[in-house]
Amino acid sequence: MKKLFAEFFGTFWLVFGGCGSAVFAAAYPELGIGFIGVALAFGLSVLTMAYAVGHISGAHFNPAVSFGLWVAGRFEGKNLLGYILAQVLGAIMAAGTLFLILCGKAGFETVGGFASNGYGALSPDGYSMTSVLIAEFILTAFFLIIILGSTSKQANKKFAPIAIGLGLTLIHLISIPISNTSVNPARSTSQALFAGGDYPAQLWLFWLAPIAGAIVAGLVCKASKKCCE
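What you are looking at is a predicted structure, and each value in this text was computed from that prediction instead of being measured.

A. Region of interest: the packing of aromatic side chains. With the rule as written, the count across this model stands at ten aromatic pairs. When the ring of Phe8 is compared with that of Phe9, the centres are 5.2 Å apart and the planes differ by 90°; the resulting orientation is edge-to-face. The exposure class of Phe9 is partly exposed, given its relative accessible area of 48%. Look at Phe99 and Phe194: their rings are 5.5 Å apart centre to centre, the planes differ by 35°, and that puts the pair in the tilted class. Placement of Phe99 in helix α4 (residues 80–103) and of Phe194 in helix α7 (residues 185–195) is noted, with a sequence separation of 95 residues between them. Among the aromatic residues, those joined into a ring-pair cluster are Phe99, Phe108, Phe114 and Phe194.

B. Fine view of the packing of α7 against helix α8 (residues 203–224). Two elements in contact, α7 and α8, have axes separated by 9 Å at closest approach and are oriented at 170°. Overall, the two elements α7 and α8 adopt an arrangement that is roughly antiparallel. Contacts between α7 and α8 involve Pro185, Ser188, Thr189 and Ala192 from the former and Leu203, Phe206, Trp207, Pro210 and Ile211 from the latter.

C. Representation of the environment of Ser150 in the model. One can find Ser150 in helix α5 (residues 129–150). Exposure remark for Ser150: the relative accessible area of 11% places this residue in the buried category. With eleven residues separating them in the primary sequence, Ser150 and Pro161 have C-alpha atoms 8.3 Å apart. Those residues in contact with Ser150 that lie beyond four places of it in its chain are Ala155, Asn156, Lys157, Ala160, Ala163 and Ile164. Of the polar contacts made by the side chain of Ser150, one reaches the backbone oxygen of Ile146; its length is 2.7 Å. Within the local environment of Ser150, its side chain forms a polar contact with the backbone oxygen of Ile147, the two atoms lying 3.4 Å apart.

D. Expanded view of a nonpolar patch on the surface. A surface patch of nonpolar side chains, about 570 Å² in accessible area, is lined by Ile36, Leu40, Leu44, Leu170, Leu173 and Ile174. Elements that contribute at least two residues to the nonpolar patch include exactly α2 (34–57) and α6 (160–179). One can find Leu44 in helix α2.

E. Fine view of unusual backbone geometry. Even without being a glycine, Ala59 presents a positive backbone phi close to 55°. Assignment of secondary structure puts Ala59 in the loop between α2 and α3 (63–71). Since its relative accessible area comes to 18%, Ala59 is described here as buried. Even without being a glycine, Thr181 presents a positive backbone phi close to 60°. With respect to the helices and strands, the residue Thr181 is situated in the loop between α6 and α7.

F. Examining the pattern of salt bridges more closely. If you walk through the whole model with that rule in mind, you get one salt bridge. In this structure, Glu76 engages Lys78 in a salt bridge whose closest nitrogen and oxygen atoms are separated by 3.3 Å. You can call Glu76 partly exposed: its relative accessible area is 46%.

G. Seen up close, the environment of Phe143. Among the secondary structure elements, Phe143 is positioned in helix α5. Overall, Phe143 belongs to the buried group, its relative accessible area being 4%. Through-space distance from the C-alpha of Phe143 to that of Leu170 is 9.8 Å; in sequence the pair is 27 residues apart. Leave out the neighbours within four places in its chain, and Phe143 touches Asn62, Val65, Ile164, Leu168 and Ile171.

H. Highlighting α6. Counted at 1.5 Å a residue, the expected span for α6 with its 20 residues is 28 Å, and the 26 Å between its end C-alpha atoms agrees. At Leu173, α6 shows its maximal bend, which comes to roughly 40°, and the proline Pro177 appears one to four places after that position. Taken from the residues just after α6, Asn180 is the one with a positive phi, measuring 75°.

The rules behind the values
Residues numbered from 1 in each chain as written. Predicted model: local features only at pLDDT ≥ 70, side-chain atom pairs only at ≥ 80, totals over all residues. Heavy atoms only, no water. Phe/Tyr/Trp six-rings, centres within 6.5 Å; stacked < 30°, edge-to-face > 60°. Buried < 20%, exposed > 50% of the residue type's maximum accessible area, 1.4 Å probe, protein only. Helix = DSSP H or I, 4+ residues; strand = E, 2+ residues; numbered from the N terminus. Axes fitted to C-alpha atoms, helices over the stretch in contact; angles between N-to-C directions. Parallel < 35°, antiparallel > 145°, perpendicular 65-115°, else oblique. Contact = heavy atoms within 4.5 Å. Polar contact = N/O pair within 3.5 Å; in protein donor to acceptor, adjacent residues only side chain to side chain. Patch = residues over 30% accessible without salt bridge, like charges linked within 9 Å, V, L, I, M, F, W, Y side chains within 5 Å. Areas by Shrake-Rupley, 256 points an atom, 1.4 Å probe, with all protein chains shown as cover. Salt bridge = Lys/Arg side-chain N within 4 Å of Asp/Glu carboxyl O. Expected span 1.5 Å × (residues − 1). Bend = angle between axes of the 7 residues up to and from the residue.

Next comes the structure, spelled out in structure tokens:
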């Protein structure tokens, strides 16, 4: 239960910090933090929680990460469903909290996109379904390689959260204009549920592509052995 609570709170912080920065601060008049600020917020949210609860649960905070670690032999399959449920619930709780805060703004009418992920007309810069699928697959695969490599026996694990946090920051710098950056099915699900409209119908891609990318990365690392030890 300690592990599940750690995953719940860690994912909550990831969504609250990352998506919260996008919803409240990205385009704030004159003081907006923009893409760079949002990218840093996602990276910092993972970095801080990895140090805070990583020793308890392994700091997955992402169903794709759990799948990738399982395939690589670094996570027991019997815990997979519990981790994913905790992550999704934590993300939904964070999105609900963001929604409550946003509703208190003067003149509030709608949540808009609510930092949701999308392709086609819902892509920030109009990228196609194929483009988004490729980007999400590749970026998640490399994210898992960073995680597996930086937490291997050969690496200095004390610095792993920094590498992982900076890796997630880089991923967001690349792909916010493409898909608003998912690489995390739980994060995509929570925001789409509150944004509504056509966003929930596109969730399949933001489960399929990240998990597929993570599985491929897990298989590659397992074959190389070094980063899976």
